[in-house]
Amino acid sequence: SESGLRRFLLKNPAVSGVSLSDCEQVTEEWIKALHECIVLKELRIARCLPIADKGIEVLTSCPELKIFDCQGCIQITEGSVVSLAEHCTKLMDLNLRGCSAIGSAGITSLA
């Protein structure tokens, strides 16, 4: 549950990687719980269909983020990609495969 994840992250603030890929119950509230995780370097949420831009906004407070996999998250738009490019300057590995709402402006912001 989201509250369980939040409790875990509060007790373990040094968590550097979280994989929630293919978890059908994941919502934006789960992603928002990650703001507790200031040293987050890797997040995998591939095919978590409910995730949209509101959930991704919290990742701008994760300056150490290096790997982000949101493959198949069809509600994430290029606005999120632009924001990640601006705030997560250490981002090196980004999987946007199947993110149909991301256009060329989002891709260009990564250059």
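Note: the structure precedes this text.
Quick summary incoming for the structure in this document. For clarity, every value in this text was computed on a predicted model and none was experimentally measured.

Remarks on the overall build of the chain
Helix and strand counts for the chain come out as five helices and four strands. Counting from the amino terminus, helix and strand elements in the chain follow one another as α-β-α-β-α-β-α-β-α. When the backbone C-alpha atoms are referred to their principal axes, the chain occupies close to 40 × 30 × 20 Å. Scored against the burial criterion, the 111 residues of the chain give a buried share of 37%.

As for the side chain of Ser80
Considering the arrangement of structural elements, one finds Ser80 in helix α4 (residues 78–87). Under the relative-accessibility criterion, Ser80 is labelled buried at 6%. Within the local environment of Ser80, its side chain forms a polar contact with the side chain of Asp53, the two groups lying 2.5 Å apart. What Ser80 contacts, discounting residues up to four positions off in sequence, is Asp53 and Ile56.

Structural notes on unusual backbone geometry
In this structure, Asp22 takes a positive phi of about 65° despite not being glycine. Along the chain, Asp22 turns up in the loop between β1 (17–19) and α2 (28–32). The partly exposed category is assigned to Asp22, whose relative accessible area is 46%. Positive phi, close to 60°, is recorded for Arg47, a residue that is not glycine. By the element assignment, Arg47 lies in the loop between β2 (42–44) and α3 (53–57).

Notes on α4
Looking only at α4, the buried set comprises Ser80, Val81 and Leu84. Buried residues of α4 fall within an arc of 100° about the axis and therefore sit on the same side.

Conventions we followed
Residues numbered from 1 in each chain as written. Predicted model: local features only at pLDDT ≥ 70, side-chain atom pairs only at ≥ 80, totals over all residues. Heavy atoms only, no water. Helix = DSSP H or I, 4+ residues; strand = E, 2+ residues; numbered from the N terminus. Buried < 20%, exposed > 50% of the residue type's maximum accessible area, 1.4 Å probe, protein only. Polar contact = N/O pair within 3.5 Å; in protein donor to acceptor, adjacent residues only side chain to side chain. Contact = heavy atoms within 4.5 Å. Arc of directions from axis to C-beta.

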